[in-house]
Every structure is written in C-alpha cells, then in structure tokens.
Amino acid sequence: NHLPRGPDHRRHVSAHGRDELGRGGGVHDRAHRPDRADQQAAQAFRLLGILDAPDTSVPIAARLLDQPEAFTEELLELLVDAQLLQSPTPDRYRLHDLLRLFAREQSARDDPDPARLAALARVLDCYLATARQTSHLLQPTDSRRAGGPADRASAMAVSDRASAVGWLDREHANILALAQHGATLPDQLAACTVALARALFWGMQIRAHYRDHETLGRLGVQVAQRLGDHRSYAHLLTDLGVISWRLGRFEATRMSLEQALGVLNTLGDRDGQARALNTLGVVHLRQGRWQAARTCHEQALRLFRDLGDRRGEAAVLGNLGSVAQELGELAAAVTYHQQDLAVSREVGNRHGESQALANLGESLLRQDHWQTAIRSCEQAITIAQELGDRDTEGWALNTRGEAHRRAGDLAHAVDDQQHAITIARETGDQSAEARALWRLGLVSRDLDQLQRARDHWQAAVAIFDELGAPQAQQVRRLLDAATGEETIVSGHD
C-alpha cells in the first residue's frame, strides 16, 4: 500500500529529470506519459525485487538500474503513484514483501541472468566503494581497511565523518542483507562480501553494531574459506574475535583467534599475528588471566615495533596498562596509558586518543585521583561523542560516574551510570552493562537504598557469571555484605 507522506516530504520531480521522460507535463500527467516510461518503470520494479534489502535510496536504485539519479527518482515516484512501492520517509523506498516476491518472479522471467547479475554487481560495488571511503573517514590512520576503489562504481556522497556515520547508521541493515545475498552469488560477486566485512570493521565497531557485525564477519569467513582466500580468512577470524569478546563470547573468541594465528603463522603475516595476539590478550584480560594477557601483549608489542606500526603499538600499550592496573601496578598502568595517549596523538588517531584518555581515567581513579580522573574522562567523552564512538563513551561515563561517587557527588554518579547502562544495552556489550550495574549498586548503597543496590548487584553477577568473568566474585562479596547489613538493621527494628 502507498503510505501517506508527511508535510515535510517534497518530491523533486519538478526540479529535474522530466525531459528524460518525454513530455513537458511531468510524471503526474498519466494521460500524456509515454509508453516507454511505463516500460522503464516496470523494469525498475522487477529489478528492485532482486535487491534483497529492507529499503533503498535513490543513489542505490540508480546503480541498480544503471540510470542517472534524477531519472531514477522519477521512476520510483511512478511506482509509488501506482502503489507498487512505498516511501515511508523522504528519499527512502521499499517494497512490500509480497510485492517483492512478485517482482522477483517477474525479473526471473523477463530479465536475462547476465543483466540481473550486472545490476547486483553495480550495487555491491557502490556499497563497497562507500564502505571503504567510510572506513578511511572514521579511522584514517588504518589504511589497511580502506583498500582500493571498487571497479565499477564510485562511492556515494560521503565526504566527512558526520556523513560517514549517518550513512552507516542508515545502511547497515541493507549492507548485511546484501552481503548475505552476495555470499550466494558466483565467486566474483561473492568476493564483495569478504571485502565488505573487512572494510566495515571500524565503522561497525565505532557505531557498536556488534550483532550485525558478527553476522557479517561470519559470512566473510565462510566465503573467504570457500574462495581459498587464506589471508582474508585469517584476518576476518581475528576481526570476528574482536566482535565475539565484545559480546562476551570468550570461548568463541579464543577459537577464532587460535585458528587465525595458525593460518597467519603459515603465511608469515607478522602484522596479522600482532593483531591476533593483541586481541587474544584482551580475551585473557577480560577473563582474569593477567599473566597470559601480559605475555600476548608483550609479543604483540615486539611485532608492532619491528614493523614500525605506531598505531598498533599504541593499542598494545593501552592494553598493557589495563593488565598492570588489574595486577595492582597502578604507577606502571598510568605510564602505559600516558604512552598510549602520546603515540595516538602523534599519529593522529583520535579514536585511540579517546580510548587512552578513558583508560587513563580508570587508572587515576584507582589511585584516588578523583578530580583528575573526571577531567580525563570528560576529554574522552568529548572526543568519543565527536567521533560517534559509543563504546568508548560508555566506558568513560562509567569511570567518571565512579569518580563522582567517590568524590561524594552521588547525583552525577547516578546519571553517568544510568547513561552507561543505556549505551551498553543498546550496543549489546554485556560486560560494560555488568560493570555499570556494579557501580550503580555502589551509588545506591551510598544513598542507603540497600534493596536497589542488591537488585543492581544481582543483575551484574548474573551477567558476569554468564561471561565467566572474575568480577562476579567481587560483586558477590558486596551482596553478602549488603545482606548482612540488612539483617542487622532488621534486628534493631
């Protein structure tokens, strides 16, 4: 059905493209519309049926049809008028599921296979080119992700970080659907699924689309294995490890990284080995195996330094700081995080700078430098919000909230922890959610809200237990103490 348009939805057909349809009266004058326009609209309808995505934009539809964007928009509006296409929001179009099936059947009957594959290739190439451009804009210091330009289509209009974030947020569901479709296509097109999974690593991480990223990563691994692309297979396994540990799937992470390291060692890919070792170290860190984490990170640091990879070096320095912090070596932790911060600024890695500031804030907090920790976290939050980095924003909010609590500012502590929980739940980061619940429970205890504190801690323990995280025991001790205190109070009554 044709969905009603809101008052802000304005068609652009009056401004361009009408001469391409033939008559000066425009697309709304059906009595004067040439038959060719009907034929082209019918072809557009059929080809839209093969585009396996929740919705589409004019630029993507133009690649699909191999037509100028202005002319494509005219055809899409004809289909809306005919109630064959929906336009629920300005400049976005979608097919009802039943109409999609009908359109696909018509395309299979009327459009030759080479034409249909060529149409899909143009769309995949467009998404790949835009994904590579987005990767460059979101993380310009990591040139490996950007790759080269796609062969048959230029990127869409993504020119700065804000437009890159907006494009990714609008299109990530479409990208996932098309990657799933692409994985079933002939090898040359299926390779686009592998390239998309590699190119979108930073975008998906920064925007915290973890579950979609996991699905995309698994598709990429399967296709790379099928194509015999061993290097991409190993790198995607490493990427999948990063996603899995963010989702708390530590055993899956370990298996992915062990497989990746086996292939990377065979290939002699030292860069890949360094990244896999660094990620494996993070897994050990999250599960409380501090010495194993340190060993992995030290090996990764040597490799990155041998390769002259300053960006990788900074990331490992930050992780070594987190290990030192957990081992109680707080002065060393601060030094590592300061080194991470200095190198990240030197290479212009704003994402790394934000993470280093957040981690430094945590180490300063543990040294009881509350106000300094708050300032460090505030800098981290500012940069993270500028970059659209929700993961680092949530981490820094959690640390700032705890610093506020220790400084006696309980109202701001509650606000920060609740915001951190909201971000963690939206992104699916269970470890971050449990950490924020733990600290929100501390605030509730300080406010003499013991039942609320116990509720928060019980929720945190359930998550930590599910993740196999050592923090579960620390929170259990808080629960036991709160239960004992409640018993004493009840006895006085």
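Nothing here was measured: the structure is a model prediction, and the numbers come from that model.

Enquirer: Outline the sheet that holds strand β1 (residues 56-57), listing residues and values.
Expert: Overall, antiparallel pairing links the 3 strands, which are arranged β1-β3-β2 in an open sheet. Across the chains shown, the open sheet's two edge strands, defined by having one partner strand only, are β1 and β2 (86-89). For β2 and strand β3 (residues 92-94), the ladder comprises 2 bridges, and the chain directions are antiparallel. Within the sheet, the bridge partner assigned to threonine 89 lies in β3 and is arginine 92.

Enquirer: I'd like a rundown of the nonpolar core, residues and numbers included.
Expert: If you look at the biggest cluster of nonpolar residues, it comprises 142 residues, and the most contacted ones within it are Tyr127, Trp167, Leu200 and Trp457. It is helix α5 (residues 113-138) that provides the largest number of residues to this core, a total of 11 residues. Setting aside chain neighbours within four positions, we find leucine 200 in contact with Ala131, Trp167, Leu168, Ile175, His213 and Leu216.

Enquirer: A description of the packing of helix α1 (residues 35-50) against helix α3 (residues 69-81) should follow, citing residues and the corresponding values.
Expert: Their axes nearest at 9 Å, the elements α1 and α3 cross at an angle of 85°. With respect to each other, α1 and α3 are oriented roughly perpendicular. Between α1, through Ala37, Gln40, Ala41, Ala44, Phe45 and Leu48, and α3, the contact on the second element is made entirely by Phe71, Leu75, Leu76, Leu78 and Leu79. Here the residues of the contact of α1 with α3 sort into 10 nonpolar, 1 polar and no charged.

Enquirer: I'd like a rundown of the pattern of salt bridges, residues and numbers included.
Expert: What the rule picks out here adds up to 38 salt bridges. Aspartate 446 is the salt-bridge partner of arginine 405, the closest N and O atoms lying 2.8 Å from each other. Residue arginine 405 is located in helix α19 (residues 390-406), and its partner aspartate 446 is located in helix α21 (residues 430-446); the two are separated by 41 residues in the primary sequence. Through salt bridges with shared partners, a single ionic network connects Asp368, Glu402, Arg405, Arg406, Arg445 and Asp446.

Enquirer: Pulling in residues and values, what's your account of the environment of valine 223?
Expert: With respect to the element layout, valine 223 can be found in helix α10 (residues 210-227). Excluding residues that lie within four positions of it along the chain, valine 223 makes contacts with Ala183, Ala190, Thr193 and Val194.

Enquirer: Please give an account of α5 that cites residues and values.
Expert: In this model α5 runs 37 Å from its N-terminal to its C-terminal C-alpha over 26 residues, within 8% of the 38 Å that 1.5 Å per residue would give. Of all 26 residues making up α5, 19 are buried, and the element is well covered by its neighbours.

Enquirer: Pulling in residues and values, what's your account of the packing of aromatic side chains?
Expert: This model, assessed by the stated rule, comprises 4 aromatic pairs. Considering the side-chain rings of phenylalanine 45 and phenylalanine 102, the 6.1 Å spacing of their centres and the 45° angle between planes classify their relative orientation as tilted. Placement of the pair is phenylalanine 45 in helix α1 and phenylalanine 102 in helix α4 (residues 97-110), with a sequence separation of 57 residues. Phenylalanine 45 sits in the buried class, given a relative accessible area of 7%. Taking 6.1 Å as the distance between ring centres and 90° as the angle between the ring planes, the aromatic pair formed by tryptophan 438 and phenylalanine 464 counts as edge-to-face. Of this pair, tryptophan 438 sits in helix α21 while phenylalanine 464 is found in helix α22 (residues 450-467), placing the two residues 26 residues apart along the sequence. Taken as a pair, tryptophan 438 and phenylalanine 464 share a single burial class, namely buried. Residue placement shows arginine 435 over the ring face of tryptophan 395; its charged tip is 3.6 Å from the ring centre.

Enquirer: Give me the side chain of serine 244: which residues, what numbers.
Expert: Looking at the secondary structure, you find serine 244 in helix α11 (residues 230-246). Residue classification places serine 244 among the buried residues on the basis of a relative accessible area of 0%. Contact partners of serine 244, with chain neighbours within four places excluded, come to Glu214, Arg249, Ala252 and Thr253.

Enquirer: So what about the side chain of glutamate 313? Which residues, and what values?
Expert: Structurally, glutamate 313 can be placed in helix α15 (residues 310-326). Owing to a relative accessible area of 8%, glutamate 313 belongs among the buried residues under this scheme. Sequence-distant contacts of glutamate 313, defined by excluding residues within four places in its chain, comprise Leu301, Phe304 and Arg305.

Enquirer: An account of helix α14 (residues 290-307) is needed here, citing residue identities and associated values.
Expert: Counted at 1.5 Å a residue, the expected span for α14 with its 18 residues is 26 Å, and the 26 Å between its end C-alpha atoms agrees. Considered for burial, the residues of α14 that qualify are Trp290, Ala293, Arg294, Cys296, His297, Ala300, Leu301, Leu303 and Phe304. Taken together, the buried residues of α14 touch α13 (270-286) and α15. Immediately downstream of α14, the backbone of glycine 308 shows phi near 70°, a positive value.

Enquirer: Break down the confidence of the model for the protein for me, with residues and values.
Expert: Here the protein averages 86 in pLDDT, and 89% of its residues register 70 or above. This model gives residues 1-33 a pLDDT under 50, and the stretch forms 52 contacts once residues within four places in sequence are excluded. Low pLDDT, under 50, characterises residues 149-153; the predicted model gives this stretch 12 contacts beyond four residues in sequence or across chains.

Enquirer: Lay out the packing of α15 against helix α17 (residues 350-366) in plain terms, naming residues and giving numbers.
Expert: Closest axis-to-axis distance for the α15/α17 pair is 10 Å, and the angle between their directions is 20°. With respect to α17, the axis of α15 lies roughly parallel. Seen from above, α15 lies across α17 with left-handed handedness. Seen from α15, the contacting residues are Ser322, Gln325 and Glu326; seen from α17, they are Asn359, Glu362, Ser363 and Arg366. Looking at the contact of α15 with α17 residue by residue, the class counts come to no nonpolar, 4 polar and 3 charged.

The rules we used
Residues numbered from 1 in each chain as written. Predicted model: local features only at pLDDT ≥ 70, side-chain atom pairs only at ≥ 80, totals over all residues. Heavy atoms only, no water. Pairing = 2+ DSSP bridges. Helix = DSSP H or I, 4+ residues; strand = E, 2+ residues; numbered from the N terminus. Core = buried A, V, L, I, M, F, W, Y, C linked by side-chain atoms within 4.5 Å. Buried < 20%, exposed > 50% of the residue type's maximum accessible area, 1.4 Å probe, protein only. Contact = heavy atoms within 4.5 Å. Axes fitted to C-alpha atoms, helices over the stretch in contact; angles between N-to-C directions. Parallel < 35°, antiparallel > 145°, perpendicular 65-115°, else oblique. Nonpolar A, V, L, I, M, F, W, Y, C, P; charged D, E, K, R; others polar. Salt bridge = Lys/Arg side-chain N within 4 Å of Asp/Glu carboxyl O. Expected span 1.5 Å × (residues − 1). Phe/Tyr/Trp six-rings, centres within 6.5 Å; stacked < 30°, edge-to-face > 60°. Lys NZ or Arg CZ within 6 Å of the ring centre and 35° of its normal. pLDDT = per-residue confidence, 0-100. Left-handed = near helix turned anticlockwise from the far one by under 90°.

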